[in-house]
Each structure stands twice: as structure tokens, then as C-alpha cells.
2 protein chains.
Amino acid sequence: MSENNFFASPLENLASKFRSLPGIGKKTAYRLAFAVIDFPEQKALDFANAIIEAKKKISKCSVCGNISDSGICPVCADKKRNKKLICVVEDPRDVAAIMKISEYEGVFHVLGGLLSPLDGKTPEKLNIKSLLSRTDELLKTENPKDIEIIIATNPSVEGDATAMYLSRLIKNFGIKVTRLAYGIPVGGDLEYADEVTLERALSGRNEI
Amino acid sequence: MSENNFFASPLENLASKFRSLPGIGKKTAYRLAFAVIDFPEQKALDFANAIIEAKKKISKCSVCGNISDSGICPVCADKKRNKKLICVVEDPRDVAAIMKISEYEGVFHVLGGLLSPLDGKTPEKLNIKSLLSRTDELLKTENPKDIEIIIATNPSVEGDATAMYLSRLIKNFGIKVTRLAYGIPVGGDLEYADEVTLERALSGRNEI
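Residues numbered from 1 in each chain as written. Chains lettered and ligands numbered in written order. Predicted model: local features only at pLDDT ≥ 70, side-chain atom pairs only at ≥ 80, totals over all residues. Heavy atoms only, no water.

### Regarding the domain arrangement of chain A
Inclusion rule: An automatic or database domain assignment is the source of the domain bounds shown.
When cut into domains, chain A gives domain 1 (9–57) and domain 2 (67–207). Taking only C-alpha atoms, the centre of domain 1 of chain A and the centre of domain 2 of chain A are 35 Å apart.

This is how it looks when you write it as C-alpha cells:
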């Protein structure tokens, strides 16, 4: 950002911090830095404190790997949820997306990424071990037939590979493993659907 | 942001702070908050400190209203710059844009907004008084004919009104007042230029 170094250095510094966030380019970084400077003093302090608080207080749920400010996340702590229905997702934002559908009554397991050995994302780097030990624990009290694990990774190369890897591991327990349906989105148009999506929609067709 | 309140409250709080920045919607706010949580501890602390430092140290230049971390901004403090050529701009980002053109050797005056009485932006709210006293000060030692004030407000309704208002005030001093040329941008295409731009390009035509 040095070509603009006639700006005061605290501003340059703040803009460079914004720029280190994902999806924030140079112009946006300056726009945000200027906005912070225009904040009332208290608001700027609150912003700085929110960063420190979030970093200090938020940790991973010891059960599912979702983010939490106590040992166990609110979803795992909720006694009304069905602990025998586990939805495996890539990151905590996917938890948020699925929680919006009020029909879902199960719990989650957050992998913290997808398998991608070329990028160093090997099975050991993901939150897979705890999924297996969690399933083991469940099997001590429950019948395998009553347990279902839904794999809700994205329909990408990495998401498919991760789903395949997990389903092979979990099927050994005699547990039902399912995956989200992929096909034409509601309101979508066949004419504009890409070939891969159409192929998925066709192979996943249901009797009516 | 309460519909997602199953996220831990420090995260919700941080996301709401990001959302108070201009151009940051709900999804982006969460994306940024998650990114901060993934930061190493020191990086998050540095970010928080950058906000506090920027807010504490940055003030307005007492001469031109540009942002500065000392009493006078680097542009005004530069003795090599021509103090008799003043470019009037809306905000400090415009200073940055013009500073990129190395040909410009003058100084700036930052209005801190544009005239827009309906939004409460009256002449008193802008940094206009100091422009007049600054010009007065210049006239004590300089010939009015040697001074030029370039009005570089955007070609919008508010920008035009502000330019008109300022030029009337400053012309009383017998000083030359100019405005940036507006017309077809370099690399632009006549066919796709909007009517207002074409009109400006036509009325501002030059002999060749």
C-alpha cells in the first residue's frame, strides 16, 4: 500500500489490517479505514474491544467443533435436539445456514475444512477423529440403525472426496450415511443449468 | 442480526461492528468476523490496536482539512509545493487520487463533504470558512493573479452546486477559479457515453 504513503501512517496501518481480511481489496480497505476514523471515539473503542473479546472468548465446541464461547456450543447444549442425527459440515457458517431451516432437529459436526491433500488438508488436519470417537460413544447406548449421519459438504471436487472418505469410514459402524440432494435449485431453469448439475439432478431422480 | 443468535455472542457482536462499516452487509460481516477468529492471537491484537491508534492519532490538518497524524498534513508541510495553487476536493481520498498524478505541484483544501441542504449539509458544515481565511492570508503577500483555485468536486448535482457556490465566493477576491474538465474518459467510447457526459464533452470542446 506504499504508493499512497502521503496518508498518515496510522491510517495506512489500519488500511493494511483491513486488507488482510478475505475479499477486501485496496480501495475497500481505505474506505473502511476512513469510516473508522469518522466513528465517534467510543464506537471505535467498542470495535477494537469486540475484536479482542471475540478472539479471546471464542473457542471450538469440544463435542462438534462448532464455534462457542463456552465449552460446549449452544446446539450441542440444547437438550431438545436429536443427538442421533448428526449433520457433518465444512465450517460454522454451514451450521448457520442449516439452522435457518427450522425442520432440522439434529446436531452438527464441523470438519473445519475439506479434504485436499495437495493443499496439505489431509484427514488428520480435519475434525474427523472426534467424529469417529463421538460415533463410538453413541453406539455404546444406541442401536446403529437409529443413528443417521448426513454429510452436507459442498458439491465440489473436495466436498465429494470428503463425503466419499467419510461415508466409507462410517459405514463400517453399520450406521446409515446420507448426503444432501444436489440438483436444479428451486426457481432455477433447466435451460440455464450447467451440465454437471443436470447430471446430478438426473442421477438423483425420484419416483413421483 | 438476531436470527442467527445461536452463534456465540462475542462473534455476533464482532459481526455487528463490521456491519456498521459502509458497504458491509450481513453475510460479509459474518465472513470478516470468522476471519478475525481464525487470525493468530497477535494479529487480532494488532488489528484492534490499529483501530485505537488510528482513531487517537489522526486528526485534521489545521491548514487544509486533510487527515494527518501531526498538526499539519504532509502535503501542506512540503515546502517544495506551490502554495498558490489550491485544489478543492470533497474528501481525503480525492487528495490521494490527485497525488497519484505526479504533475500536480499545488496543495489541497478538503471540504469534508458537498453542499446538500436537504441532508443538512449547509455551507457552515463544510470546511469553507477556512478556505476563505486561507485565501485572505495568501492575498496579504501574493498578487491575486498568481493564485489559482481548482475546484475538483465530482460531476454530480451536489458537486456542481458546491463548485458554483465556491466559485462565486472566491471570484470576489479577483482570484482565478477553474474546474476539472469533464467529458469522455480516455479509452471510452462515444457510442456508450451517457447523454449528460456527451453534453459536457461538447460544451467543453477545445480548439485543436
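So that's the structure; there's more coming.
### Observations regarding the packing of aromatic side chains
The condition that has to hold: The aromatic pairing rule takes the rings of Phe, Tyr and Trp, using the six-membered ring of Trp, and pairs them if the centres are within 6.5 Å, calling planes under 30 degrees apart stacked, those over 60 edge-to-face and the rest tilted. Helix and strand definitions follow DSSP, with helices as H or I runs of at least four residues and strands as E runs of at least two, each counted in order from the N terminus. Three labels apply to residues, based on accessible area from a 1.4 Å probe with only protein chains included: buried if under 20% of the type maximum, exposed if over 50%, partly exposed otherwise in between.
Inspection of the entire model under this criterion finds seven aromatic pairs over all chains. Seen from their ring centres, F18 of chain A and F47 of chain A are 6.4 Å apart, and the 40 degrees between their planes marks the pair as tilted. Placement of F18 of chain A in helix α1 (residues 9–19) and of F47 of chain A in helix α3 (residues 41–57) is noted, with a sequence separation of 29 residues between them. Judged by its relative accessible area of 0%, F18 of chain A falls in the buried class. Judged by its relative accessible area of 1%, F47 of chain A is buried. Aromatic side chains Y104 of chain B and F108 of chain B sit 5.3 Å apart centroid to centroid with 50 degrees between the ring planes, which places their arrangement in the tilted category. The exposure classification of Y104 of chain B matches that of F108 of chain B, with both residues buried. Ring pairs connect the aromatic residues F18 and F47 of chain A together with F18 and F47 of chain B, which therefore count as one cluster.

### Quick word on the sheet that holds strand β5 (residues 148–151) of chain A
Residues and elements named next belong to chain A. Filter applied, for reference: A pair of strands is labelled paired if DSSP reports no fewer than 2 bridges between them. Angles run from 0 to 180 degrees between N-to-C directions of axes, and those axes are lines fitted to C-alpha atoms, restricted for helices to the stretch in contact. We call two residues contacting when some pair of their heavy atoms lies within 4.5 Å.
Spatially, four strands are ordered β4-β3-β5-β6 in an open sheet, and the strand pairing comes out parallel. Of all the strands in the sheet, the pair left with one neighbour each is β4 (106–110) and β6 (176–179). Taken over all neighbouring pairs, the strand axes of this sheet differ in orientation by 25 degrees on average, direction set aside. Bridge analysis of β5 against β6 gives four bridges, and the strand direction is parallel. Bridged to I149 within β6 is V177. Relative to the sheet, helix α6 (residues 129–141) contacts β3 (82–89), β4 and β5, its axis offset from that of β3 by approximately 165 degrees. Across the sheet, helix α7 (residues 157–171) is in contact with β3, β5 and β6; its angle to β6 comes to roughly 170 degrees.

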